[in-house]
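Now for the letters of each chain:
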Amino acid sequence: MASMMRVFLILLWTTNVVQPNVPHDAGVQVFPPVNFTLTVSALAQVLLRWKPNPSQEQKNYTIRYDVKILSPVPEEYDTKKTHSIRTAALHNGFSAHIRTLLLHNDLQMRSDWVKEKLLPPPGSPETSVTNLSCVTRITISSTVSLHCTWLPGQGAPEDTKYFLFYRYETYTEECQDYIKDKWNRNIECRFSVTHIDPEEVDNIIVIHINGSSKYAAIKPFQQLFNQNAIEKVNVPRNVTVFLEQNDLLATWEKPISPFPKECFEYEFYLFNLKSGNKQILKISSNDFRLRIDVTSRYSIQIRANHHLYCTRGFWSDWSEIIYVGQNKLENPVAWILAVLCVLTCCTFLLVAIVCK
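Residues numbered from 1 in each chain as written. Predicted model: local features only at pLDDT ≥ 70, side-chain atom pairs only at ≥ 80, totals over all residues. Heavy atoms only, no water.

Per an unreviewed UniProt entry, the protein is named Interleukin-5 receptor subunit alpha, and its organism is Balearica regulorum gibbericeps. Among the UniProt annotations of the protein, the heading Subcellular location (unreviewed entry) holds the following wording: "Membrane". (UniProt positions renumbered as here; feature names shortened; annotations may be inferred.)

Written out as structure tokens, the structure is:
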């Protein structure tokens, strides 16, 4: 009897280990979603869509879905919806898995995974552009310009024509202003005005470059840029520099930008024209005071960037050079001796001429 009881307890323990998340309702099964599809709905944007399995019992269960993005960037999340949108560079394809989650009280069951993928577009990777770099600027009229540069792929034929598109939220536009290399291939693009909102923070700008050639399929290339991370910050405005006794005082206004002044930091370049000494000082405010050598003349320039917590962009150009102070002899006694020396030499020369 005791041995039979031990066997029963072992079987009961094994059942609990193998099926820890099975609800008490006998015979409940979890079925995977059906009609799982991936659709390119915009540049670098994928729509994931599926339907609940019609065989799945509803009852009083909570049904959610596990989504696992495998490539190009791994990501996992769950959702109650039967669709999901993801933004990703798609030139190397896209792959995702999905499964059903059934929740009841503290118990949870999972179905098998359903898999789907998008194949990469045709073309050899060596035909895609390389070294893509983009910069935005906020203009005086509060619009945003965009400038991108790239290099032709090493495997691209000489007759390759590249074409650039940018997407911002739901708006997509093709470049109309290209700069070409000596083989007449597009290697730069400029948008003087875009639909990029200068007041948005951390939005994504999608750049898509495809191409055509008579001799080969040109593989497209996509890259995602953080809006603020590629901003070329404007130069600080109304820079004023003056001397107050032995101190140099400087004030300026923040660059043209919707960001508040707290979002900026500055570099202050001070060059002593007399000694040749150079200093670059980091400053977080819009004014500055520094004790200097008042017998020297200085050249001064200032540039700006975002603080890290406002998403750092590219440093602005340096402001125009401002000069302050004038070179003086440090010791007035030395100046007097120099004058006396010159006068003495002139006197001797005059005497010599008269005597002759």
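Draft legend 1. Focus on the sheet that holds strand E17 (residues 237–244). Within the open sheet, the three strands sit side by side as E17-E18-E21. Their pairing is antiparallel. Of all strands in the sheet, those bounded by a partner on one side alone are E17 and strand E21 (287–291). The sheet shows a mean angle of 15° between the axes of neighbouring strands, taken without regard to direction. (Pairing = 2+ DSSP bridges. Helix = DSSP H or I, 4+ residues; strand = E, 2+ residues; numbered from the N terminus. Axes fitted to C-alpha atoms, helices over the stretch in contact; angles between N-to-C directions.)

Draft legend 2. Spatial organisation of the state of the cysteines. Counted by the stated rule, this structure contains three disulfides. Note on cysteine connectivity: Cys134 is disulfide-linked to Cys148, with sulfurs 2.1 Å apart. On the sign convention where negative is left-handed, the bridge of Cys134 and Cys148, at about 110° about the S-S bond, is right-handed. Of the two residues, Cys134 sits in strand E9 (residues 130–138) while Cys148 sits in strand E10 (residues 144–151), which places them 14 residues apart along the sequence. Judged by its relative accessible area of 1%, Cys148 falls in the buried class. At a sulfur-sulfur separation of 2.2 Å, the disulfide partner of Cys175 is Cys189. The sign of the S-S torsion, about 115°, decides the handedness of the disulfide formed by Cys175 and Cys189: right-handed. Residue Cys175 is found in the loop between strand E12 (171–174) and strand E13 (178–180), and its partner Cys189 is found in strand E14 (residues 186–191); the two are separated by 14 residues along the sequence. For the pair formed by Cys175 and Cys189, the shared burial category is buried. Taken in N- to C-terminal order, the disulfide-linked cysteines of the protein are connected 1-2, 3-4, 5-6. (Disulfide = S-S within 2.5 Å. Buried < 20%, exposed > 50% of the residue type's maximum accessible area, 1.4 Å probe, protein only.)

Draft legend 3. Broad picture of the pairing of strand E20 (residues 278–283). Where strand E19 (residues 264–272) and E20 come together, six bridges link them in antiparallel fashion. By the bridge assignment for E20, Tyr266 is matched with Ile283. The hairpin turn running from E19 into E20, its antiparallel successor, is five residues long, and Gly276 in that turn takes a positive phi close to 85°.

Draft legend 4. Representation of the pattern of salt bridges in the model. If you walk through the whole model with that rule in mind, you get 13 salt bridges. A salt bridge links Asp317 to Arg137, with the nearest nitrogen and oxygen atoms 3.6 Å apart. Residue Asp317 is located in the loop between strand E22 (298–306) and strand E23 (322–324), and its partner Arg137 is located in strand E9; the two are separated by 180 residues in the primary sequence. Exposure remark for Asp317: the relative accessible area of 38% places this residue in the partly exposed category. Taking the shortest distance from any N to any O, the salt bridge between Arg291 and Asp247 comes out at 2.6 Å. Here Arg291, found in strand E21, pairs with Asp247, found in strand E18 (residues 247–253); they are 44 residues apart in sequence, far enough to count as distant. Connected via shared salt-bridge partners are Glu244, Asp247, Arg289 and Arg291. (Salt bridge = Lys/Arg side-chain N within 4 Å of Asp/Glu carboxyl O.)

Draft legend 5. Structural view of unusual backbone geometry. In this structure, the amide linkage connecting Ser71 to the following residue, Pro72, adopts the cis form with an omega of 10°. With respect to the element layout, Pro72 can be found in the loop between strand E3 (62–71) and strand E4 (75–79). Positive phi outside glycine occurs at Asn184, with the angle close to 65°. In this structure, Asn184 sits in the loop between E13 and E14.

Draft legend 6. Fine view of the environment of Leu224. Structurally, Leu224 is set in strand E16 (residues 221–226). Taking C-alpha positions, Leu224 is 9.0 Å from His208, a pair spaced 16 residues apart along the chain. Setting aside residues up to four positions removed in sequence, Leu224 forms contacts with Ala44, Thr87, Ala88, Ala89, Ile204, Ile205 and Val206. (Contact = heavy atoms within 4.5 Å.)

Draft legend 7. Seen up close, the packing of aromatic side chains. Across all of its chains, the model carries eight aromatic pairs by this definition. Ring geometry for Tyr166 and Tyr171: centres 6.3 Å apart, planes at 50°, overall tilted. Exposure remark for Tyr171: the relative accessible area of 30% places this residue in the partly exposed category. Feature note: the residues Trp252, Tyr266, Phe268 and Phe288 constitute an aromatic cluster, connected by ring pairs. (Phe/Tyr/Trp six-rings, centres within 6.5 Å; stacked < 30°, edge-to-face > 60°.)

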